[in-house]
Amino acid sequence: MSFKRLSILFSVAIFCLYAGLILSLLYFYKGPLFLEIILSERTLFSIRLSLFTATVATLISVFFAIPSAYALSRFRFPGRQLIDTILELPMIVSPVALGAVVLIFFNTPPGAFLQEKGVQFVFTIYGIFLAQFITTVGIAIRLIKAAMDEIPVRYEEVARTLGASPAKAFLTVTLSLSKRGIIAASILTWAKALGEFGATITIAGSMAMKTETIPIAIFMRLASADIEGTAVLVLILVGIGLGILYGVRFLTGRNVPV
Amino acid sequence: MPRIELKNITKHILKEITLTVEDREILALVGPNGSGKTTILNIIAGLTDYKGEVFFDGRNMDKTPPHMRGVGYLFQDLALFPHLTVASNIAYGLKMQHYPEETITARVDDLMNALHIKKLRERYPQSLSGGEKQRVAIARAIAPFQKILLLDEPTSSLDAQTSKYLRIELCTLLKKLEITAILVMHDLLGAEEIADRIAILHKGAIEQISRPGDILFNPKTKMVSEFIGMPNILDCDDCRILSSGLIEVVSGNMTIVLPYEGNTIRKIAIPPHDIYISDTKPPGPALNRYRGTIAEIIPLRSMVRIRVDIDGNSLLTELSAEAFDEMNLDIGREVFVIIKLRRLRYVEEFEDSRE
């Protein structure tokens, strides 16, 4: 077997693995029950909550990620390497551990003060925003930085000599040229936020009709041995996730490195 | 109108550079790679930090950021904005400086006409040829009414013919715009066509700064002489205009025929690599062909320099090491020397040496 065929075989095998797992969900497909679960108030709430919190968390993440990614892409400053390493935290530390760190923080005097005088995060929707934000912002910065790294600094230098201030050069040249990369990064961040579970359940809990996002609802149904309900919710999550990835490819016209 | 002064500039390889470029003067910085030419441009544009002082018309610019210096910069890689059309690229600087819309439109149209790129208005840079990109980049650099223009190798990426044509246009345009310009160029010949003065840089220091012909005919240091190719300089003792656009120049006992452009020829420069040596008598007419004797052989890394005595004149020639080995040449051997007619360069005379 040629090397080319062998490598293709590997990719097909991985595809079969995922496709088989998704198709196995249909084993439990029962038409009327499927519709009933989807249209139930609890499921619809979970879908709405997940879509809303993922969107808000993504907006906050991208808002912080754009200037951070620009700084890391363009400037050399003390502590840059440290910041760059910390960004890997959501990738190397389990989301549950991250959520636990946040919970522990809220039990320290500054954390307690923030909860009392500022925003109540624990067991509220704000906790979901926070959980999704801390698990996605590092990835958003990574992806946007990669997009900005591809834009030569020379364009900004040209803009500066033509009368653009540093901020204007950034807005009219770098941001404009990395637009597609930023959109792709935003969509992937959104998909990641949508599927976030560990940190969310640790900080916001699993209260039905209050903090129950789709992943949490999947966990709750599985915990109560509701296989059909679990399969339906997983299909919904997979459907949204795949739809988003196709959206990314449509917008960027190429495969997006995650 | 800006006069540029650099005082004791130090940065990377540059060591205490002091340089003045007069208002509306075109200065060419010429030198080998890594001599600090582009660094000087970046310092004037404010794109890099430095030690020393930069003045525009006596005003210290050291704390002025690049976008407030009013310096147009044509980078070697052009860096046209790929997301903007040709017209938008040219208009970019004007928009950044908040010119009214009608001024922007008029200026863009004027520059596109002047640089013959009107038909490219709605095209994107990716679809342009090298020469077209060069013209668009020039238009963009000067569009916001800059009074100083820095050009880094403005014609280096073009073929010889396009490059020469653009150099002539650029020279006309710079004079018309009454702009102070500093060009970085790698070849002296190209610089001579555009510049009022030429500065030869080597290892971060200015070796010589003179008017174009002066560099070629009066190199001040060994480095400059090496850099310009150690040309053979011959004094012209007598001239006779021939009927076919040629002039016959007598130097010592040699008679050399040159293209005639109506100048009074005082000196001729012949680069060593434009003089061929043959150990057998070459065929064809006897124009610019001489018999001489090898007086000196100077082996270099990949070539050999040979000094040949011809009727009292001494000419330096160059041969590749391979060709030298094949020809089996030695001091005292008689050889035939051929001077390339088209590549001969000559000056009429400098104003300060006019009799």
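Residues numbered from 1 in each chain as written. Chains lettered and ligands numbered in written order. Predicted model: local features only at pLDDT ≥ 70, side-chain atom pairs only at ≥ 80, totals over all residues. Heavy atoms only, no water.

### Remarks on the overall build of chain B
Moving on, step 1. Broken down by element type, chain B carries 9 helices and 21 strands.
Moving on, step 2. If you line up chain B on its principal axes, its C-alpha atoms span 75 × 45 × 45 Å.
Moving on, step 3. Per-residue burial for chain B yields a buried fraction of 50% across its 355 residues.
Moving on, step 4. Within chain B, counting contacts between residues at least 6 apart in sequence, those at least 24 apart form 63% of the total.
Moving on, step 5. Accessible area for chain B stands at about 16600 Å²; split by element, carbon and sulfur atoms hold 49% of it. (Helix = DSSP H or I, 4+ residues; strand = E, 2+ residues; numbered from the N terminus. Buried < 20%, exposed > 50% of the residue type's maximum accessible area, 1.4 Å probe, protein only. Contact = heavy atoms within 4.5 Å. Areas by Shrake-Rupley, 256 points an atom, 1.4 Å probe, with all protein chains shown as cover.)

### Some words on the pattern of salt bridges
Moving on, step 1. Tallying each qualifying case throughout the model produces 27 salt bridges over all chains.
Moving on, step 2. Here D84(A) makes a salt bridge to R142(A), at a shortest N to O gap of 3.2 Å. Of this pair, D84(A) sits in helix α4 (residues 80-86) while R142(A) is found in helix α8 (residues 125-149), placing the two residues 58 residues apart along the sequence.
Moving on, step 3. By relative accessible area, D84(A) is classed as buried at 17%.
Moving on, step 4. Residue R305(B) pairs with E226(B) through a salt bridge whose shortest N-O separation is 3.6 Å. On the criterion of sequence distance, the pair formed by R305(B) in strand β18 (residues 303-310) and E226(B) in helix α8 (residues 222-227) is long-range, its members being 79 residues apart.
Moving on, step 5. Here the salt bridges do not stand alone but share partners, grouping K222(B), E226(B), R305(B) and E318(B) into one network. (Salt bridge = Lys/Arg side-chain N within 4 Å of Asp/Glu carboxyl O.)

### Some details on a nonpolar patch on the surface
Residue and element names in this part refer to chain A.
Moving on, step 1. Together, I14, L17, Y18, L21, I22, L242, L245 and Y246 give the surface a local cluster of nonpolar side chains, amounting to about 800 Å² of exposed area.
Moving on, step 2. Elements that contribute at least two residues to the nonpolar patch include exactly α1 (3-24) and α14 (227-252).
Moving on, step 3. When residues of the nonpolar patch are assigned to their parent elements, the largest contribution, 5 residues, is made by α1.
Moving on, step 4. Take L242: it is sitting in helix α14. (Patch = residues over 30% accessible without salt bridge, like charges linked within 9 Å, V, L, I, M, F, W, Y side chains within 5 Å.)

### Concerning the nonpolar core
Moving on, step 1. Core analysis: the largest hydrophobic core is formed by 51 residues, its most contacted members being I90(B) and I198(B).
Moving on, step 2. Beyond its immediate sequence surroundings of up to four residues, I90(B) is in contact with V108(B), L111(B), M112(B), I117(B), V136(B), A139(B), R140(B) and A143(B). (Core = buried A, V, L, I, M, F, W, Y, C linked by side-chain atoms within 4.5 Å.)

### Points about the sheet that holds strand β20 (residues 334-339) of chain B
Within a sheet, neighbouring strands are paired by backbone hydrogen bonds and run either parallel or antiparallel to one another.
Residues and elements named next belong to chain B.
Moving on, step 1. Read from one edge of the open sheet, 5 strands run β16-β20-β17-β18-β19, paired in antiparallel fashion. Edge positions in the sheet fall to β16 (275-278) and β19 (313-320), since each of these pairs with one other strand and no more. The average undirected angle you get between the axes of adjacent strands in this sheet is 45°.
Moving on, step 2. Relative to β20, β16 is paired through 4 bridges, and the arrangement is antiparallel. (Pairing = 2+ DSSP bridges. Axes fitted to C-alpha atoms, helices over the stretch in contact; angles between N-to-C directions.)

### Some words on helix α10 (residues 166-177) of chain A
Moving on, step 1. A rise of 1.5 Å per residue sets the reference length of α10(A), with its 12 residues, at 16 Å; its end C-alpha atoms lie 15 Å apart and thus fit the reference within 8%.
Moving on, step 2. For α10(A), every residue scored as buried is listed here: A169(A), F170(A), V173(A) and T174(A). Each buried residue of α10(A) sits inside an arc of 120° when the element is viewed along its axis, so together they form one side.
Moving on, step 3. Of the surrounding secondary structure, the elements contacted by the buried residues of α10(A) are α3 (41-74), α8 and α9 (153-161) of chain A together with α2 (86-96) of chain B. (Expected span 1.5 Å × (residues − 1). Arc of directions from axis to C-beta.)

### Here we look at the domain arrangement of chain B
Moving on, step 1. Split into domains, chain B comes out as domain 1 (4-227) and domain 2 (234-351).
Moving on, step 2. Relative placement of domain 1 of chain B and domain 2 of chain B: their C-alpha centres are 36 Å apart. (Domains from an automatic or database assignment.)

### Focus: the environment of D235(B)
Residue and element names in this part refer to chain B.
Moving on, step 1. The topology assignment puts D235 in strand β11 (residues 232-235).
Moving on, step 2. With a relative accessible area of 45%, D235 lands in the partly exposed category.
Moving on, step 3. Counting along the chain gives 84 residues from D235 to L319, while the straight-line C-alpha distance between them is 24 Å.
Moving on, step 4. Look past the residues within four positions of D235 in its chain and what remains in contact with it is V250, S251, R266 and K267.

### Describing the sheet that holds strand β9 (residues 197-202) of chain B
All names here are of chain B.
Moving on, step 1. Reading across the sheet, the 6 strands line up as β6-β7-β8-β3-β9-β10 and stay open at both edges, with mixed pairing between neighbours. The sheet is open, and its two borders are formed by β6 (71-74) and β10 (205-210), each paired with just one other strand. Averaged over all neighbouring strand pairs, the angle between strand axes comes to 20°, with direction disregarded.
Moving on, step 2. Pairing analysis gives 5 bridges linking strand β7 (residues 148-152) to strand β8 (residues 180-185), with the strands arranged parallel. Looking across to β8, one finds that D152 is bridged to V184.

### Things to note about the interface of chain A and chain B
Moving on, step 1. Of the residues lining the interface, 18 residues belong to chain A; the matching set on chain B comes to 24 residues.
Moving on, step 2. Both sides together, the interface formed by chain A and chain B hides about 1800 Å², and carbon and sulfur atoms give 66% of it.
Moving on, step 3. Seen at the junction of chain A and chain B, the total is 1 salt bridge.
Moving on, step 4. A salt bridge links R154(A) to D77(B); the nearest nitrogen and oxygen atoms lie 2.8 Å apart.
Moving on, step 5. Sorting the residues of the side of chain A that touches chain B by element identifies α9 and α10 of chain A as the ones contributing at least two each.
Moving on, step 6. Of the residues contributing to the side of chain A that touches chain B, the split by class is 9 nonpolar, 5 polar and 4 charged. (Buried area = accessible area lost by both parts, 1.4 Å probe. Nonpolar A, V, L, I, M, F, W, Y, C, P; charged D, E, K, R; others polar.)

### Examining the packing of aromatic side chains
Moving on, step 1. Throughout the structure, instances matching the rule amount to 14 aromatic pairs over all chains.
Moving on, step 2. Centroid distance Y27(A) to F28(A): 5.1 Å. Interplanar angle 90°. Geometry classified as edge-to-face.
Moving on, step 3. On the basis of relative accessibility, which here comes to 70%, the residue Y27(A) falls in the exposed class.
Moving on, step 4. When its relative accessible area of 33% is taken as the criterion, F28(A) is described as partly exposed.
Moving on, step 5. On the basis of an interplanar angle of 55° and a centroid distance of 4.8 Å, the ring pair of F81(B) and Y92(B) is categorised as tilted. (Phe/Tyr/Trp six-rings, centres within 6.5 Å; stacked < 30°, edge-to-face > 60°.)

### Structural notes on unusual backbone geometry
All names here are of chain A.
Moving on, step 1. Positive phi, normally seen in glycine, also occurs at A225, with a value near 60°.
Moving on, step 2. Take A225: it is sitting in the loop between α13 (214-223) and α14.
Moving on, step 3. Residue classification places A225 among the exposed positions, given a relative accessible area of 60%.

### Examining the pairing of strand β2 (residues 14-21) of chain B
Two faces belong to every sheet, and in a regular strand the side chains alternate between them.
Residue and element names in this part refer to chain B.
Moving on, step 1. The pairing of strand β1 (residues 4-11) with β2 spans 5 bridges and is antiparallel. Bridge assignment links I4 to a residue of β2, and that residue is V21.
Moving on, step 2. Counted between consecutive antiparallel strands, the loop separating β1 from β2 contains 2 residues, among which H12 sits at a positive phi close to 45°.

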